[in-house]
Amino acid sequence: MGMLKLAEQAAASTPVSGSVVIYPKTDGLLYMKDDTGTETLVTTPGYVLQPRKNGLINGNFQVWQRGTSFTTINEYAADRWRSWGGPQTFTISRVDSLTDFGTSRYAMRVQRNNGISTTNNLNIAQGIESLNSYKYRGKTVTLSFRARRGANFSGASNQITAGVFYGTGTDENPVGMTGQTTAFSSAVTLDTTVTTFTVTGTISSSATQVTVWFTWTPTGTAGVNDYYDITDVQLEVGSSASEYEQRSYADELLDCQRYYINTNNQGNTVGGTWDVTSGRNYHIPIHFPVKMRAAPTMTWYNWSSVGFGTPTFQQIGISGANIYANASLTGAGYYLGYYSASIEL
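Here the structure is a predicted model, which means the values were calculated and not measured.

**What about the overall build of the protein?**
Looking only at helices and strands, the protein has four helices and 21 strands in total. Viewed in the frame of its principal axes, the protein has a C-alpha envelope of about 80 × 65 × 40 Å. Expressed as a percentage of the 345 residues in the protein, the buried residues total 49%. Considering only intrachain contacts with a sequence separation of at least 6, the fraction spanning at least 24 residues in the protein is 69%. Accessible area for the protein stands at about 15,400 Å²; split by element, carbon and sulfur atoms hold 49% of it. Looking at the protein, you have 23 positive and 24 negative side-chain charges, and the mean spots of the two groups are 4 Å apart.

Next up, the structure:
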């Protein structure tokens, strides 16, 4: 079966009588023009039918499988977003406000804790796996986002810096890539109200991995509101930013689960109950909601049991695994708990 490819255009010609023409425009949205010359938007702005334009996952911070507050540097917080730098006493947390952030609702808050005088950089980043980075090779791209600062934000001149790294390895640590180079970056000045910013540059034709990052350097001693909030982060091909691509929570969660799954966040226990025989193994198959990037590292926690030792994971693959446990009694027995599966960059 062939594939229909529509070329972007500023506008289409009026079709012959009784016909319509459907075409994508340079704003990334799909339009229809009828035989009267009337143009109609086929897809609601931000909710698109065509392939995703945003190269980032969870750019509006609606998915937080690990929790909603973090104080450890160099770890993941909101799904697909990690901190790096330090050492520093800080908190990354979810902010929830339809009033402040509109339809996106959520933002990530990066805050130096009150009374802290440490001034090491505070950085956040999202790495794009190699398979999804190749399309940026040699291209002009635009990074856009919305952000605001707290009343006591201590960054020099109220600025943070936004930028893009590229590397020449494959699926490496996104802030420690082979040949890591800054493709482009720019300092932006924050206000206490939410403001939209854009940064544009070109990715090297030798790039095999791309990382979006934000950094700021605190000064002095932190006040109560030494933070910035950020949301609607988007990386797209082109020299200008388009409207943020809104996606459903379900779609965003599935994309995040290619890299990390946490059943505790979903309230889903795994396990079983049997009439067991001492010394025998009992297993349960796990089927992941999506195929993961590679076979993950799995952790079993908050588990409880009667008549079983600690369960173990075996036959781990990209689509699922098996949980095994050895019975320690003969009679009624069970084990229940939660698991996480991680194959982050």
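What follows continues from the structure just given.
**A few points about the sheet that holds strand β20 (residues 320–326)**
Working definition: the strands of a sheet are paired by backbone hydrogen bonds and lie parallel or antiparallel to each other. In spatial order, the strands read β17-β20-β19; together these three strands make up an open sheet with antiparallel pairing. Looking at which strands have only one partner, the edges of the open sheet turn out to be β17 (281–287) and β19 (312–314). Neighbour-to-neighbour, the strand axes of this sheet turn through a mean angle of 30°, independent of strand direction. Where β19 meets β20, three bridges bridge the pair, whose relative direction is antiparallel.

**Side note on the sheet that holds strand β4 (residues 69–70)**
Overall, antiparallel pairing links the six strands, which are arranged β4-β6-β7-β14-β9-β12 in an open sheet. Both edges of this open sheet fall to β4 and β12 (195–202), since each of them pairs with a single strand only. In this sheet, β12 lies alongside strand β9 (residues 140–149) in antiparallel orientation, the contact comprising eight bridges. Within the sheet, the bridge partner assigned to T140 lies in β12 and is T202.

**Let's talk about the pattern of salt bridges**
In total, this model carries 15 salt bridges according to the counting rule given. Its salt-bridge partner being R258, residue E129 comes within 2.7 Å of it at the nearest N-O pair. Pair noted here: E129 is in the loop between β8 (122–128) and α2 (130–133) and R258 is in the loop between α3 (249–256) and β15 (260–262), with a separation of 129 residues, a long-range link. Of the residues examined, R258 reaches a relative accessible area of 25% and is grouped as partly exposed. Where salt bridges share partners, they join R52, E245, R247, E252 and D255 into one cluster.

**A short note on the nonpolar core**
Counting residues in each nonpolar core, the largest one holds 40 residues, and the members touching the most others are M108, F145, F214, Y228, I230, V233 and L235. Ignoring any residue separated from it by four or fewer positions in sequence, one finds I230 in contact with F61, A107, M108, I124, F145, R146, A147 and F214. Membership of the second largest hydrophobic core comes to 20 residues, among which are I261, Y282, F288 and W300.

**Observations regarding the confidence of the model for the protein**
Chain-level pLDDT for the protein is 92 on average; 94% of the residues reach the 70-or-more range. Contacts from residues 45–49, a stretch scored under 50 in pLDDT, to residues over four places away or in other chains number 13 contacts.

Definitions and cut-offs
Residues numbered from 1 in each chain as written. Predicted model: local features only at pLDDT ≥ 70, side-chain atom pairs only at ≥ 80, totals over all residues. Heavy atoms only, no water. Helix = DSSP H or I, 4+ residues; strand = E, 2+ residues; numbered from the N terminus. Buried < 20%, exposed > 50% of the residue type's maximum accessible area, 1.4 Å probe, protein only. Contact = heavy atoms within 4.5 Å. Areas by Shrake-Rupley, 256 points an atom, 1.4 Å probe, with all protein chains shown as cover. Lys, Arg positive; Asp, Glu negative; His and termini not counted. Charge placed at Lys NZ, Arg CZ, Asp CG, Glu CD. Pairing = 2+ DSSP bridges. Axes fitted to C-alpha atoms, helices over the stretch in contact; angles between N-to-C directions. Salt bridge = Lys/Arg side-chain N within 4 Å of Asp/Glu carboxyl O. Core = buried A, V, L, I, M, F, W, Y, C linked by side-chain atoms within 4.5 Å. pLDDT = per-residue confidence, 0-100.

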